[in-house]
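Residue-level structure breakdown
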Amino acid sequence: MAAPKTGRRSQGSHGRPWRSLLLILTAIAALTGGMFLSGHTTPRLGIDLAGGTSITLEAKSQPGSENAINSTNMDTAVNIIERRVNGLGVQEAEVQTQGDRHIIVNIPKGTDQKSAREQVGTTARLFFRPVLSYEANEPPSPSPSASESGDKEKDKGKDASSSPSPSETASDEASDGTGPSDGATEQGRALSEGLAQADDSPSPSESQAPPAETPPAEQAPTGQVPADVQKKLDALDCSDVEERTKIGENAKPTDTVVACDSEGAYKYALGPAEVEGTDVDDASATYDAQSGSGWIVQLEFNGKGSDKFADVTGTLAGQAPPNNQFAIELDGEVVSAPSVDESITGGRAQISGSFNQESAEELANVLSYGALPLSFEESEVTTVSPALGNEQLEAGLIAGAVGLALVIIYLVAYYRGLALVAVVSLMVSAALTYTIMALLGPGIGFALNLPAVCGAIVAIGITADSFIVYFERIRDEIREGRTLRPAVERGWPRARRTILVSDFVSFLAAAVLFAVTVGKVQGFAFTLGLTTLLDVVVVFLFTKPVMTLLARKRFFASGHPWSGLDPKRLGARPPLRGRPRTAGPVNPKEV
């Protein structure tokens, strides 16, 4: 009595194949709609298909560190450069070593190549240096507009103790004029901020700002700047980009140096480095809504850096402006110069100023990823022609079309009418793959490169293999003397297990390949894994329900010679009469 009940339940579950078809067709419609709504109707292409910029960096050892160019440091540099470039939103940027002293950076077309090049170019070491003196690169002319500008800079001074406290307003007023710039610059980088103990609440201090009419050059006692450094400072022209980029060459951490800000508006005399970029453990940009400070940059130091940072901030806090400022120098350029009015202990600090989200994140990016163990310079910059990329893409598409055509010819010749099911299933799989790839471009930065195209071509065979497994299971049941409808249902459990095992092996191989490789090979692995998952979805939600529906059609159910299921052509043996079959029930319970 139990067997008939099982059969009726099974027939009921197999009698509604439209549910699965409706589900997968709804998914395709939703993905297609999302693709058009997002405005990204084509997959994002990698550098080898769309063209882009290739930058070759040559490692330079620092004075006294001739052995710094080694495989360990080069690998560290590759990781940091890759994080810095990708941190700016440049996805699928390829960073890899070439030889023993070169690093190749490939930036795809269609990304923020300018910002990425700037970050890739700024690959020297990061230092925290005390400010000895600074002055305007071009002193303002004596005019009412100049005075007005000076007043504005005075009004926009930064808070030297910027942590959340009820005295935020008082602290802001107390630290007017402590820096050479008034907040975020055109490059989105604040040049004068307040440096404070993280989560502190210091009391307001007295004003440390010089009088508004005092020229910036007179803000530091000249006796603290060595005569030779002062001479270099006077001769330095920060408006000359070439001169600005060369002033930090061959400078040692223990040297007293001169530097410019990122806009070339101010020039600095800086003391020996007290803290190095390698002492920074982490830095992040956050929005401080509690105290109303807006965007701030929080940074943490390692154990060694914490001690050094506490010592130097304690020394700077007792100095008069601008000697209480701490310049953050990268590649001979002052990216920020916050002021300090207390010793910062505990290894955690925060920088506040006229930051917006972009400028805060850029400064945090420099602090986090600027501590390269080597210095680098661009030895070659080339552009990959989009025409060459188009030729490679066209060749890949032709190869895919040829492979698909051969698969279809084989299916039609061997499976005849069943080939229609396989071809339509391949079209469904292609639609899912295309729409998902188009959405993954803006979603996670996925870029379709040439190896990824190869992965999609290989997936044609994997998907077709799943259909063949199912078709052969159905044919085996017909050879046993069963009609099509029970053959479709009986063949599915065994075919399903085989398909799942096969796809699991393919997906596992793709996952391992993605984990252990870098660069373009990951594109092949990612595409192979994605299409393998979609193969399971298509077979379960489309191919199987379609076969259930076709088993009810006379053309297939009667075993038409062109259906691919003709019992005579398959060598079917008639069912034995007079004794029960040794096979199991018509509708076995699926597990």
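That block above? That's the structure.
Described below are features of the structure shown in this document. Everything numeric here is computed off the predicted structure, so don't read it as measured data.

**With respect to the overall build of the chain**
- A count of helices and strands for the chain gives 18 helices and 14 strands.
- Looking at the chain as shown, the accessible area adds up to about 27,900 Å², and 56% of this sits on carbon and sulfur atoms.

**Re unusual backbone geometry**
- Of the consecutive residues proline 321 and proline 322, the connecting peptide bond is found in the cis state with omega at 0 degrees.
- We note that arginine 416 has phi near 55 degrees; this positive angle belongs to a residue other than glycine.
- Relative to the assigned elements, arginine 416 resides in the loop between α12 (386-415) and α13 (418-444).
- Classification of arginine 416 as partly exposed rests on a relative accessible area of 21%.

**Considering the state of the cysteines**
- A complete count under the given rule lists one disulfide for this structure.
- A disulfide bridge connects cysteine 238 with cysteine 260, and the sulfur atoms are separated by 1.9 Å. What sets the handedness of the cysteine 238 and cysteine 260 disulfide is the S-S torsion sign, and at about -80 degrees it is left-handed. Of this pair, cysteine 238 sits in the loop between α8 (227-235) and α9 (241-246) while cysteine 260 sits in strand β6 (residues 257-261), and the two are 22 residues apart along the sequence. Of the two residues, cysteine 238 and cysteine 260, both sit in the buried class.

**Section: the pattern of salt bridges**
- This model, assessed by the stated rule, comprises twelve salt bridges.
- For glutamate 58, the salt bridge goes to lysine 60, with nearest N and O atoms at 3.8 Å.
- For glutamate 58, a relative accessible area of 19% puts it in the buried group.
- The closest approach of N and O atoms between glutamate 477 and arginine 490, which form a salt bridge, is 3.3 Å. With a gap of 13 residues between them, glutamate 477 in helix α14 (residues 450-479) and arginine 490 in helix α15 (residues 484-516) connect regions that are remote in the sequence.
- The buried category is assigned to glutamate 477, whose relative accessible area is 3%.
- The exposure class assigned to arginine 490 is buried, which follows from its relative accessible area of 12%.
- Several salt bridges share partner residues, and in doing so they unite Glu477, Arg482, Arg490 and Arg494 into one network.

**A word on the environment of alanine 283**
- Along the chain, alanine 283 turns up in strand β9 (residues 280-288).
- In sequence terms alanine 283 and valine 366 are 83 residues apart; their C-alpha atoms lie 8.7 Å from each other.

**A look at α14**
- A rise of 1.5 Å per residue sets the reference length of α14, with its 30 residues, at 44 Å; its end C-alpha atoms lie 44 Å apart and thus fit the reference within 8%.
- Glycine 481 occupies a position one or two residues after α14 and carries a positive phi of about 100 degrees.

**Details of α8**
- Regarding α8, the residues found buried are Val229, Gln230 and Leu233. For α8, the buried positions fall inside an angular range of 100 degrees around the axis, keeping them on one side. Opposite the packed face of α8, turned more than 90 degrees from it, sit the exposed residues Ala227, Lys231, Lys232 and Ala235.
- Buried residues along α8 sit against β4 (126-136), β6 and β7 (266-270).

Conventions used here
- Residues numbered from 1 in each chain as written.
- Predicted model: local features only at pLDDT ≥ 70, side-chain atom pairs only at ≥ 80, totals over all residues.
- Heavy atoms only, no water.
- Helix = DSSP H or I, 4+ residues; strand = E, 2+ residues; numbered from the N terminus.
- Areas by Shrake-Rupley, 256 points an atom, 1.4 Å probe, with all protein chains shown as cover.
- Buried < 20%, exposed > 50% of the residue type's maximum accessible area, 1.4 Å probe, protein only.
- Disulfide = S-S within 2.5 Å.
- Salt bridge = Lys/Arg side-chain N within 4 Å of Asp/Glu carboxyl O.
- Expected span 1.5 Å × (residues − 1).
- Arc of directions from axis to C-beta.
- Contact = heavy atoms within 4.5 Å.

Nothing here speaks to function; it is all geometry.
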